[in-house]
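For reference, the chains in residue letters:
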Amino acid sequence: MSNVVVVGTQWGDEGKGKVIDLLTDRTDYVVRFQGGNNAGHTLVVNGEQTICHLVPSGILHKDKKNLIGNGVVVDPAVLLEEIDQLKKKGIAIGPENLSLSEKAHLIMPYHKAIDLAREKAKGKDKIGTTGRGIGPCYEDKAGRIGIRAIDLLDLDSLKEKIESNLREKNFYLTEFFKAAPMEPKAIFDEYKNMAGILQPYISNVSVEIDQAINSGKSILFEGAQGTHLDVDHGTYPFVTSSNPVSGSVCAGAGVGPDKLHHIVGVVKAYTTRVGSGPFPTELEDETGEYIQERGAEFGATTGRRRRCGWLDLVMIRDSVRLNGLNSLSITKLDVLSGLKKLKICVEYELEGKRIDATPAGLKRLAQCIPIYEELPGWDDDISSARRIDDLPTEARSYLTRIVDITGIPLSIIGVGSGREETVLLENPFQDA
Ligand code: IMP
């Protein structure tokens, strides 16, 4: 048995869903450990697309157990809606293959109201959040006034907590944002109804993981967002409110670091970003548009157009260090087909000096000038490649430069959106 972590190395949307879906064949459990329904993991199986926001991506596979760890913030209405949608697609889903940690914090209607009101008030300086209440929910967790899944099992305490929180939140909403107040009874009634349905799913996920490991099962930890959206290590404040880095698995799923054997960093063959914030290799020209269109770069959660740019290996080197990556999975290589020349950013120039790590100050990051290496592109359709030798020489050179500069081997290369459109070089589960 071995346990593998899959994380994003850029600003999210690296195509982690497909990598996780592929690796799920080799695991028994799939576990989410941070983020919430700001994530949207797109899976394409037999040409049919499914987007999971909260339910771990292993749900499309029979006989796999899917766990939502304590580090995830859960909007129960979204979870129930997702369960319903999956059932409608004929996917078997119930407490036997899905558990929700009793310690996971719940997104409440006032979290969403505050998220939206704050973004509106910030105007052009907004973060560009997904508006799902993620930040305000994590704030309440850190502020020790959060409501957790376990509270759904004690309705008196749930009622008290909602009333007490709303005294503060309503003051903030009405006095500061001039927004409408919220009604505690309406929220309690809604959550009480959902509690009835969700109760059988609520469990001690840390214990479940421990028992699974002790009985020789393999676990896949499914990261959401990406390293440069990490609240500590990303382009703060244009980040999410959780830690998408691999170390966060331990706190967010309740598992010790000695249980993690292989960390896969997912790298899209170019860079994208949704929302605001600096983006040194952004392409605001027809090449950016070409990538955006060919890569169908629209947010899986909000439908927003993603900003596109060249691959930035300064960011990826940061991610190698921050996550302790053992291998890289390159996704969407096929999107680059048809470009005559490709560029890879290998360092930044800042105040006349070359630097190879992202500066913390946003003004400094905005001043960074990417230093590019130029490589020849390829015209061929590469979606039928299944072995590295099936790829054109230019595509192989592009991959070789990534390995040379990061010092990390490749495990999986995506050449199309389908599960089968993949070149598998190394099985991360065998590496342990
Ligand atoms: P929040 O997570 O909704 O608070 O949004 C904060 C920032 O993270 C915004 O720039 C979002 O666009 C970005 N973000 C959050 N989740 C994702 C994701 O899954 N993929 C890409 N960007 C995301």
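Please refer to the structure higher up on the page.
Note that the structure is predicted; figures quoted are calculated from it, not measured.

S.K.: Whenever I open this one, the overall build of the protein confuses me. Can you help?
M.R.: Across its full length, the protein holds 12 helices and 20 strands. Computed over the C-alpha atoms, the radius of gyration of the protein is 22 Å, within 12% of the 22 Å expected from 2.2 N^0.38 for a compact globule of 432 residues. Counting only C-alpha atoms, the protein reaches 65 × 50 × 40 Å along its principal axes. Taking all 432 residues of the protein together, 57% fall into the buried category. Across the protein, every contact between residues at least 6 apart in sequence was considered, and the portion connecting residues at least 24 apart equals 76%. Approximately 17,800 Å² of the protein is accessible, and the part contributed by carbon and sulfur atoms is 49%.

S.K.: Would you mind showing me how to read the packing of aromatic side chains here?
M.R.: Each pair of aromatic rings is reported with the distance of its centres and the angle of its planes. Counted by the stated rule, this structure contains 5 aromatic pairs. The interplanar angle of 25° and the centroid separation of 5.7 Å between the aromatic rings of Y172 and F176 together place this pair among those described as stacked. One end of the pair, Y172, and the other, F176, are both in helix 5 (residues 155-176), 4 residues apart, so they sit about a helical turn from each other. Among the residues examined, Y172 registers a relative accessible area of 27% and is labelled partly exposed. Ring centres of W378 and Y398 lie 6.2 Å apart, and the angle between their planes is 65°; this geometry places the pair in the edge-to-face category. Of this pair, W378 sits in the loop between strand 18 (369-376) and helix 12 (393-406) while Y398 sits in helix 12, placing them 20 residues apart in sequence. Just as W378 is buried, Y398 falls in that class too.

S.K.: What exactly am I supposed to notice about the packing of helix 10 (residues 313-323) against helix 12 here?
M.R.: Helix-helix packing is described using two parameters, namely the angle between the two axes and the distance between the axes. Axis separation between helix 10 and helix 12 bottoms out at 10 Å; the angle between their running directions is 50°. On the basis of the axis angle, helix 10 is oblique to helix 12. The interaxial crossing formed by helix 10 with helix 12 has right-handed handedness. Facing helix 10, whose interface residues are L313, I316, R317 and V320, helix 12 presents R401, I402, I405 and T406. Of the residues assigned to the contact of helix 10 with helix 12, the class counts are 5 nonpolar, 1 polar and 2 charged.

S.K.: For this particular structure, what's the right way to read the pattern of salt bridges?
M.R.: One side chain can pair with another of opposite charge once the charged atoms of both are near each other. Counted by the stated rule, this structure contains 25 salt bridges. With a closest N to O distance of 2.8 Å, K169 and D140 form a salt bridge. With K169 in helix 5 and D140 in helix 4 (residues 134-142), this residue pair connects regions lying 29 residues apart in the sequence. On the basis of relative accessible area, D140 is assigned to the buried category, the value being 5%. For K161, the salt bridge is made with D151, and the minimal N-O distance between the two is 2.9 Å. Highlighted residues: K161 in helix 5 and D151 in the loop between helix 4 and helix 5, separated in sequence by 10 residues. Note on D151: relative accessible area 6%, which makes it buried.

S.K.: Honestly, the environment of K178 in this entry has me stumped. Any pointers?
M.R.: Among the secondary structure elements, K178 is positioned in the loop between helix 5 and helix 6 (184-198). Considering only alpha carbons, one finds K178 and Y191, 13 residues apart in sequence, at a separation of 26 Å.

S.K.: Could you clarify how one ought to interpret the packing of helix 3 (residues 109-122) against helix 5 in this entry?
M.R.: Look at helix 3 against helix 5: their axes get within 11 Å of each other, and the N-to-C directions meet at 20°. Classified by the angle their axes make, helix 3 and helix 5 are roughly parallel. Seen along the crossing, helix 3 lies across helix 5 with a hand that is left-handed. Note on element contacts: helix 5 touches helix 3 through N165, L166, K169, Y172 and L173, opposite Y110, A113, I114 and R118. Of the residues assigned to the contact of helix 3 with helix 5, the class counts are 6 nonpolar, 1 polar and 2 charged.

S.K.: Explain the site of the ligand here, please?
M.R.: Taken together, 15 residues are adjacent to the ligand, and D13, N38, T130, T240 and R304 come closest. Here an oxygen atom of the ligand sits 2.6 Å away from a polar atom, N or O, in the side chain of T240. One of the side-chain nitrogen or oxygen atoms of R304 is found 3.0 Å away from an oxygen atom of the ligand. Considering the ligand on its own, with 470 Å² of exposed area, one finds that the protein chains cover 97% of that surface. In terms of residue class, the shell around the ligand is built from 6 nonpolar, 7 polar and 2 charged.

S.K.: Any chance you could explain unusual backbone geometry here in plain terms?
M.R.: Peptide bonds are mostly trans, and most non-glycine residues show a negative phi. Cis rather than trans, the peptide bond between Y236 and P237 has omega equal to 5°. On the secondary structure map, P237 appears in the loop between strand 10 (219-222) and helix 8 (248-253). Backbone geometry at D13 places phi at a positive 60°, although glycine is not the residue there. Its location among the elements puts D13 in the loop between strand 1 (3-8) and helix 1 (16-24).

S.K.: Can you walk me through helix 10 in this structure?
M.R.: One full turn of an α-helix is made of 3.6 residues, so residues set three or four places apart face in the same direction. Counting buried residues along helix 10, 8 of its 11 residues qualify, which places the element largely inside the surrounding structure. Three or more residues of helix 10 are buried, namely L313, V314, M315, I316, D318, S319, V320 and N323. On its buried face, helix 10 sits against strand 1, strand 11 (262-268), strand 12 (271-273), strand 14 (311-312), strand 16 (341-350) and helix 12. Of the residues flanking the start of helix 10, the one acting as N-cap is D312, its side-chain oxygen 2.9 Å from the backbone nitrogen of V314. Phi turns positive, to about 60°, at G324, one or two residues after helix 10.

Definitions and cut-offs
Residues numbered from 1 in each chain as written. Predicted model: local features only at pLDDT ≥ 70, side-chain atom pairs only at ≥ 80, totals over all residues. Heavy atoms only, no water. Helix = DSSP H or I, 4+ residues; strand = E, 2+ residues; numbered from the N terminus. Rg over C-alpha atoms; globule rule 2.2 N^0.38 Å. Buried < 20%, exposed > 50% of the residue type's maximum accessible area, 1.4 Å probe, protein only. Contact = heavy atoms within 4.5 Å. Areas by Shrake-Rupley, 256 points an atom, 1.4 Å probe, with all protein chains shown as cover. Phe/Tyr/Trp six-rings, centres within 6.5 Å; stacked < 30°, edge-to-face > 60°. Axes fitted to C-alpha atoms, helices over the stretch in contact; angles between N-to-C directions. Parallel < 35°, antiparallel > 145°, perpendicular 65-115°, else oblique. Left-handed = near helix turned anticlockwise from the far one by under 90°. Nonpolar A, V, L, I, M, F, W, Y, C, P; charged D, E, K, R; others polar. Salt bridge = Lys/Arg side-chain N within 4 Å of Asp/Glu carboxyl O. Near = heavy atom within 4 Å. Polar contact = N/O pair within 3.5 Å; in protein donor to acceptor, adjacent residues only side chain to side chain.

By themselves these figures say nothing about function.
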